[in-house]
Every structure is written in C-alpha cells, then in structure tokens.
Amino acid sequence: MPPHGNRTIVAALAITQTVGYGTLYYAFAVFLVPTAADLHTSTTAITGAYTAAVLASAALAVPVGRWLDRHGARTLMTLGSLLGALLLVAWSQVHTVAQLYAVQIGIGAASAASLYEAAFAVIIARHTARHRGGALLAVTVVAGFASTIFLPLTGWLTDHHGWRTTLLILAGIQATLTAPLHALVLRPGPHPATETWPGRHDPPASLRPVFADRGFWLLALAFTANTAAVAVATVHLVAALTSWGHPATFAATVAGLFGILSVTGRLVTSGLQHRFPTIPIVAAIFAVQAVAAGGLALTGRNTAAAIITVMGFGLGFGVATIAKPILLAERYDTRRYAIIAATLVVPMTVAKAAAPLAAAWLHTATGNYRGVFLTTAAVCATAALALAVVPGQRRR
C-alpha cells in the first residue's frame, strides 16, 4: 500500500480502538455500582459478568485469529463494532443478572472481533518491519488515553442522565465512530504479506514449527505473567493503598497515573528499539516492575515511596501491548500472525480474569496486601527471566 493509505489506516484504528476500549471495556467500572443497585444484587455478582466477558473473548481468540489470517479484518471488525453498539443498547435494558451475563458474554465476543488483536493483525500485515513499530506506537499511544477520556465522560453522563441513558449515548458513539471507519478504511479480503518478494507466492508457513519453538512458549510465559501482574495492580492498588492508611482520593489519583505511565512506557520502549533489541528492553522493564511491586509491598505506607513505586510499576503497564506483536512478527511468518498471536492471547486473557480473584483470595487468607504485592513482584520477575532466556530470533 502507498504510505498515505497506511497512515489513513493507522489514524482510523487509533480512533476506533480508543472508542472501542472506552465504551466496551473501561466504562464497566463506572456502571458497576449503579447496575448492582438497580438489579438488587452485589457488586461481586456484577463483577462476575465482566469476568465472563473476558473469558468469552479468550475462548474466541483462536477462531478470530484464524478468520483474520484467511479473510482479513474488514468484515469481522465492522460486524464486531456493530455488535458492540447493539449490546450496549441491550445492556441498558437488562433487568436480571442472567440478562447482564448474556450481554457481557456478547461484549466479550465483540471485543475479540474489533479491538487490539484484530487491529494489530491489520498493522502487521500492512507494514514492513521498518514501519511496524511506529504504526503500533501511534495506535496504542492514542488508545492509551481511552480511560482518560471515557472514565470521566461516562461518570459525568451517569451523574446527569443515569446509567441506562448513558449506555445508549455510548452505543451511539460506538456505532458512529467505529463501524463506519472499519468498513470504509480497511481493505476487503486477506491481507497480503508485506515482506515477500514480487512474483513470489509461497504458501504460509506451517504452525507446527512455531509451537515446537521453545522461544514461543517462553514468550507465552513472559506475557502471561506480565498480564497477571498488571491485572492484580489494576484491581487491587486502590484498596491496598487505602488499607495502608492513605486517603481514598490519594489512592485513586495515584492509580490514575497508570494511564499516563502506560503511554510513557510505550514511548520509551519504542525509542530504545532504535538502539537495542526488543527482548532485553522489555525484560529490563519487567524487572523494574518486579522491584517496584516489591518496594510497594514493603514501603507502601509512605506517601513518597508509594508514588515512586507506582510510577516504576506503571512504566511497564502498556509495554507488552506494543512488544508482543513486534516480537511475533520478527520471529514468525507474518501471514500467520493472527492465529499465532491468538494462541498467546488465550492464556493471557485467562490470567487477566483469574489473577485478581487469586489475589483477593490471598488477601483474605493473609489479612493484608503485603503478600499480594510480594507475589506480584515474583510474577514480574518470572516474566523478566522468561524473556531473558528466549533463544535467538527465528527466521521465517
């Protein structure tokens, strides 16, 4: 594709991913309490619906990846975006917990079809190795502000119009800004390989060597461990800080740094990639997260120490998002990127759903959050070590 066409695709995906994550993912936190109150149930039961959405997304990762490799992203991402809008409307009309679970499972399916993994498959296919990093960075930096935009917007709308009307407004935003861009900007059909030679039509490589590669499973371990650690910090940081004596406002403000720090981490990673290989950069950042999580467990009662350690941990918040597609594209046939990435997404998504629950159990068992964040530090160290021992880069 000409450069202008690629820039148009990147710009469109930056918009659709920001809106999609804002409406289908981040808004849930705002609706948690009012939905529970309206349905006369506990927030735990409502949180279970979110877990169901995450697990549904994981279950569909491999089928979605196979479709993307064979047929391209245009139809799937367009229909996924429309489905997301319709399900937001359906959410606004639920009156039982069972209905909410059904809607959230559908939202998990819509997310699998229209959010990052599908968007990354488009970018990998449409860009050469030289330009992939910049394209991924552009999309993830913009989408990194989804929480910054949609959490306060959703909160304000809910305060003034109620959660049901707010969901209808978000559905309108989702339908207006995502599906049309996917339909108009993405190209139909399977994506061409960007690194094959003119006149060459080799069939895509077999997946057998990928799954026999020790490096692939080390990458899976590293990114799954990192996902688990990030999920624990996302869910439990505010509660941990307040349990250590900090005011709720301070705890929420410090936790809010994660959005900005995730963008910072991506920018730092992208800049260092011009001088150093990706794997040691990401391994070093995961190691910094291990030190920060351990420091938070030991010094979290101190205000300055809490801020410093949260900042250290937050730098790695969005690094896996940009590093995973780059590493997979470097090591394996890009024509099979979507199915290879989907195989990694399954354990990562399960970890995202299960790790906060395991952390809650550990907190209940020990009566404090020190053990939770010391365990999180060990998990981060595992991620760093797994990356550090990944063998040299495979070629297609």
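Above this text you will find the structure in question.
Model, not experiment: these values are computed from the prediction.

Colleague: Before we move on, could you go through the side chain of T78 and cite the residues and values that matter?
Modeller: If you trace the backbone, T78 turns up in helix α4 (residues 74–91). Once residues lying within four places of it in the same chain are set aside, the contact partners of T78 are A73, A179, H182 and A183.

Colleague: Report on the packing of aromatic side chains, specifying residues and quantitative values.
Modeller: Here the structure, examined in full by the defined rule, presents 17 aromatic pairs. For the ring pair Y25 and Y26, a centre distance of 4.8 Å and an interplane angle of 80° mean the geometry is edge-to-face. A ring pair is formed by F31 and W91, whose centres lie 5.3 Å apart and whose planes are at 75°; its orientation type is edge-to-face. Taken together, the residues F31 in helix α1 (residues 3–38) and W91 in helix α4 connect sequence positions 60 residues apart. Each member of the pair, F31 together with W91, is buried. Three or more aromatic residues joined by ring pairs make a cluster, and in this case those are Y21, Y25, Y26, F28, F31, Y50, W91, Y116 and F120.

Colleague: Let's hear about α4: which residues, and what values?
Modeller: For α4, built from 18 residues, the straight-helix expectation of 26 Å at 1.5 Å per residue is met to within 8% by its first-to-last C-alpha distance of 26 Å. Taken together, the buried positions of α4 are occupied by L76, M77, T78, G80, S81, G84, A85, L87, L88 and W91.

Colleague: A description of the packing of helix α12 (residues 214–243) against helix α15 (residues 278–299) should follow, citing residues and the corresponding values.
Modeller: Relative to each other, α12 and α15 sit at 30°, their axes nearing to 12 Å. With respect to α15, the element α12 is oriented roughly parallel. Here α12 and α15 pass one another in a crossing that is left-handed. In contact with A222, F223, N226, V230, L237 and L241 of α12, α15 contributes F286, Q289 and L296. Its residues assigned to classes, the contact of α12 with α15 comprises seven nonpolar, two polar and no charged.

Each value, and the rule that gives it
Residues numbered from 1 in each chain as written. Predicted model: local features only at pLDDT ≥ 70, side-chain atom pairs only at ≥ 80, totals over all residues. Heavy atoms only, no water. Helix = DSSP H or I, 4+ residues; strand = E, 2+ residues; numbered from the N terminus. Contact = heavy atoms within 4.5 Å. Phe/Tyr/Trp six-rings, centres within 6.5 Å; stacked < 30°, edge-to-face > 60°. Buried < 20%, exposed > 50% of the residue type's maximum accessible area, 1.4 Å probe, protein only. Expected span 1.5 Å × (residues − 1). Axes fitted to C-alpha atoms, helices over the stretch in contact; angles between N-to-C directions. Parallel < 35°, antiparallel > 145°, perpendicular 65-115°, else oblique. Left-handed = near helix turned anticlockwise from the far one by under 90°. Nonpolar A, V, L, I, M, F, W, Y, C, P; charged D, E, K, R; others polar.

Worth remembering: the numbers are spatial, not functional.
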